Amino acid sequence: MSKERFDSIFRPGLFDDKRILVTGGGTGIGRCIAHELAALGASVVLAGRREEPLAQVAGEIESAGGSASFIQVNIRDQPGVDAAIAKLVADGGPLDGLVNNAGGQFPVAAGDLKPKGWSAVVDTNLNGTWWVTQSTFHHAMRDHGGAIVNIVADVWSGAPGMVHTGAARAGVMNMTVTLAAEWAQYDVRVNAVAPGPILSSGLAEYPEAIQRRTLDEVKITPPSRLGTESEVSSAVTYLLSPGAAYVSGEVMKVDGATCVYKNHLVPIGNHAGTPKWDGFHLRAKLGGLYAEQEDPA
C-alpha cells in the first residue's frame, strides 16, 4: 500500500460502507473526486468510455489503500447505461452516491456550429447526465435513497463561444432543482457544483490561444488565480456527506467569485492571489503556461 493518498479536510471513514459512482472518473476533476471519496472510505465505481484511464485511476486508488472498480459505458447510449447500472447494482448492491462528472465541449462560434456538434455536446452533457441519473434512481435510489451531485459550469452570463454546453448545463441545473423536489419523498438529495476556471488536465485540451486568454483573465478576477481540482472535490464531498442532509436543489459555485466579476467603473483591487487548497497527491502537472499557477504558494 502506498503511504501517499488524498489529503482530505474531511474525517477519515466518512464514507465507510458507501458505494459511489463517478462518471468521467478517469481524468481531470472526476479523477480527483474519485481519489478523495475513496480516501474517505467509499467504494468508488468509475465510469467512462475508455478502459485505459479508468483502469489506471482504479489502480492508483487501490495502491493508496482505497477500493475502486470501473465500468465502460457511453453515457449517450441510454440502453447501454441502463443495462450497465442494473448489472452494477445486481452484482454489488445499491449505490449510495452518484457524481455526474462526465462531459465535454469545444469552442465554436454559434453561427458556425454544425448539427452534429450541437447534438454531440447536448447528448453528453444533458442527455447523458439524465440517462445515468434516471437509471441510478430506478435501480438503486428509489428504494434506498442517496445523494446526487451534478458537475455543471459557469454559465450565469451565457456561454459565448460554447452555446451548446451553455444550453446543456443550464438544462442540468434546472433538472437538479426539479429532481430535488420530486425525489425528496424517496430520500434522494440532488445538488450541483459549478466550477469556475480550474487548473485541470481538461484545460490543456483547448487551443493554446484560449488557454492563454484564460490565464490572462484570471489575473484580473477577485481570486487572481485558477481554482484547484481539490477545491471542486471538497464541495462535491460535502454535498454527498451527511452534513449536507438539509441541502438539496442547490447549485454551488466554486469559482472564487469570478462569475460576478465585471469591468467595474470603480476598480475593486487585486492582489497576489487567494490562498489555495490542494490535497490531491497525484494532481496533474501541466507545466509550461501553467507553471506559475501550479506554484504551491
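About the thresholds
- Sequence order as written defines residue numbering, which begins from 1 separately in each chain.
- Reporting in this predicted model follows two pLDDT cut-offs: at least 70 for local features of residues, and 80 or more for side-chain atom pairs to be given and counted; totals over whole chains, interfaces and linings ignore these cut-offs and use all residues.
- For the side-chain quantities, the full set of heavy atoms in the structure was used; hydrogens and water were omitted.
- Only the stretch in contact is used when a helix axis is fitted, and all axes are lines through C-alpha atoms; the angle between N-to-C directions ranges over 0 to 180 degrees.
- Helix and strand assignments come from DSSP, with helices taken as H or I runs of at least 4 residues and strands as E runs of at least 2, each series counted from the N terminus.
- An angle counts as roughly parallel when it lies under 35 degrees, as roughly antiparallel when it exceeds 145, as roughly perpendicular when it falls between 65 and 115, and as oblique in every other case.
- The hand of a helix crossing depends on one turn: near helix anticlockwise from the far one by less than a right angle means left-handed, and clockwise means right-handed.
- The contact definition used throughout considers only heavy atoms, calling two residues in contact when any of these lie within 4.5 Å.
- Residue polarity is assigned by list, with Asp, Glu, Lys and Arg as charged and Ala, Val, Leu, Ile, Met, Phe, Trp, Tyr, Cys and Pro as nonpolar; anything else, Gly included, falls into the polar class.
- Geometry of aromatic contacts follows a simple scheme: Phe, Tyr and Trp rings, the Trp one being its six-membered ring, pair when their centres are within 6.5 Å, and the pair is stacked under 30 degrees between planes, edge-to-face over 60, tilted otherwise.
- Working definition: with a 1.4 Å probe on protein chains only, accessible area under 20% of the residue-type maximum means buried, over 50% means exposed, and in between means partly exposed.
- Put simply, a charge is over a ring when the Lys NZ or the Arg CZ is close to the ring centre, within 6 Å, and near the line of the ring normal, within 35 degrees.
- Salt bridges are defined as contacts in which a side-chain nitrogen from Lys or Arg sits within 4 Å of a carboxyl oxygen from Asp or Glu.
- Any two strands with at least two DSSP-identified bridges between them are counted as paired.
- The definition of a right-handed crossover adopted here requires that, viewed with the strands pointing away, the path from the first strand over the helix to the second runs clockwise.
- To estimate the expected span of a helix, count its residues, drop one, and scale the result by 1.5 Å.
- Cavities and pockets are defined on a 1 Å grid built over the protein atoms alone: a cavity is a set of grid points where a 1.4 Å probe fits but cannot escape, while a pocket is an open set with protein on both sides within 12 Å along at least five of seven lines, and lining residues are those with an atom within 4 Å of any such point.
- Grid points are joined across faces, edges and corners, and a volume is the space filled by probe spheres set on the points.

*Asks:* Before we move on, can you summarise the packing of helix 4 (residues 115-144) against helix 5 (residues 163-182) with the specific residues and values?
*Replies:* Contact geometry of helix 4 with helix 5 gives a least axis separation of 8 Å together with a crossing angle of 15°. By the angle between their axes, helix 4 is roughly parallel relative to helix 5. Every pair of crossing elements has a handedness; the one defined by helix 4 and helix 5 is right-handed. Here Gly117, Trp118, Val121, Val122, Asn125, Leu126, Thr129, Trp130 and Thr133 of helix 4 come into contact with helix 5, specifically with Val163, His164, Thr165, Ala167, Ala168, Arg169, Gly171, Val172, Met175 and Leu179. Per-class residue counts for the contact of helix 4 with helix 5 are 11 nonpolar, 7 polar and 1 charged.

*Asks:* Now, about the packing of aromatic side chains: what can you tell me, with residues and values included?
*Replies:* Tallying each qualifying case throughout the model produces 4 aromatic pairs. Pairing tryptophan 130 with tryptophan 183 gives two aromatic rings, centres 6.4 Å apart and planes at 25°, and the pair type is stacked. Of the two residues, tryptophan 130 is situated in helix 4 and tryptophan 183 in the loop between helix 5 and strand 6 (188-195); the sequence distance between them amounts to 53 residues. Among the residues examined, tryptophan 130 registers a relative accessible area of 25% and is labelled partly exposed. Ring geometry for phenylalanine 137 versus tryptophan 183: centroids 4.0 Å apart, planes at 5°, classification stacked. In this pair, phenylalanine 137 is assigned in helix 4 and tryptophan 183 in the loop between helix 5 and strand 6, connecting sequence segments 46 residues apart. Across the ring face of tryptophan 156, the terminal group of lysine 253 is positioned such that the distance to the ring centre comes to 4.6 Å.

*Asks:* Run through the pattern of salt bridges, naming residues and quoting values.
*Replies:* Throughout the structure, instances matching the rule amount to 5 salt bridges. A salt bridge links arginine 31 to glutamate 60; its shortest N-O distance comes to 3.1 Å. Of the two residues, arginine 31 sits in helix 1 (residues 28-39) while glutamate 60 sits in helix 2 (residues 51-63), which places them 29 residues apart along the sequence. For the pair arginine 31 and glutamate 60, one class covers both residues: buried.

*Asks:* Can you lay out the pairing of strand 1 (residues 19-23) for me, pointing to particular residues and giving the numbers?
*Replies:* Here strand 1 lies mainly inside the structure; 5 of its 5 residues are buried. The alternating pattern of strand 1 places Arg19, Leu21 and Thr23 on one face and Ile20 and Val22 on the opposite face, and all of these are buried. Where strand 1 meets strand 2 (residues 43-48), 5 bridges bridge the pair, whose relative direction is parallel. Residue pairing across strands places isoleucine 20 opposite valine 44, the latter belonging to strand 2. The β-α-β motif built from strand 1, the intervening helix 1 and the parallel element strand 2 has right-handed crossover chirality. Bridge analysis of strand 1 against strand 4 (residues 97-100) gives 3 bridges, and the strand direction is parallel. Pairing of leucine 21 across the sheet is with leucine 98, part of strand 4.

*Asks:* So what's going on with the pairing of strand 6? Residues and values would help.
*Replies:* Moving residue by residue along a regular strand, the side chains alternate between the two faces of the sheet. Counting buried residues along strand 6, 8 of its 8 residues qualify, which places the element largely inside the surrounding structure. Side chains Val188, Val190, Ala192 and Ala194 project from strand 6 onto one buried face, and the interleaved Arg189, Asn191, Val193 and Pro195 project onto a second face that is buried too. Note that the unit made of strand 5 (residues 146-151), helix 5 and strand 6 has a crossover that is right-handed. The sheet contact formed by strand 6 and strand 9 (residues 251-254) spans 4 bridges and is parallel. Bridge pairing links proline 195 to valine 254 in strand 9.

*Asks:* Outline helix 7 (residues 229-240), supporting the account with residue identities and numerical values.
*Replies:* Between its terminal C-alpha atoms helix 7 stretches 17 Å, which fits the 16 Å expected from 12 residues at 1.5 Å a residue. By the criterion of burial, helix 7 is predominantly enclosed, with 11 of the 12 residues buried. By the burial criterion, the buried members of helix 7 are Glu229, Ser230, Glu231, Val232, Ser233, Ser234, Ala235, Val236, Thr237, Leu239 and Leu240.

*Asks:* Before we move on, could you go through the sheet that holds strand 6 and cite the residues and values that matter?
*Replies:* Strand order in this open sheet of 7 strands is 3-2-1-4-5-6-9, and the pairing throughout is parallel. Among the strands making up the open sheet, the edge pair consists of strand 3 (67-72) and strand 9. Averaged over all pairs of adjacent strands, the angle between strand axes in this sheet comes to 20°, irrespective of strand direction. Across the face of the sheet, helix 3 (residues 78-92) comes into contact with strand 1, strand 2 and strand 3 while running at roughly 155° to strand 1. Where helix 5 meets the sheet, it contacts strand 5, strand 6 and strand 9, and its direction lies at approximately 155° from that of strand 6.

*Asks:* Could you give an account of the layout of surface pockets, with specific residues and numbers?
*Replies:* Approximately 320 Å³ is the volume found for the second largest pocket. Class assignment of the residues belonging to the lining of the second largest pocket gives a composition of 7 nonpolar, 5 polar and 4 charged.

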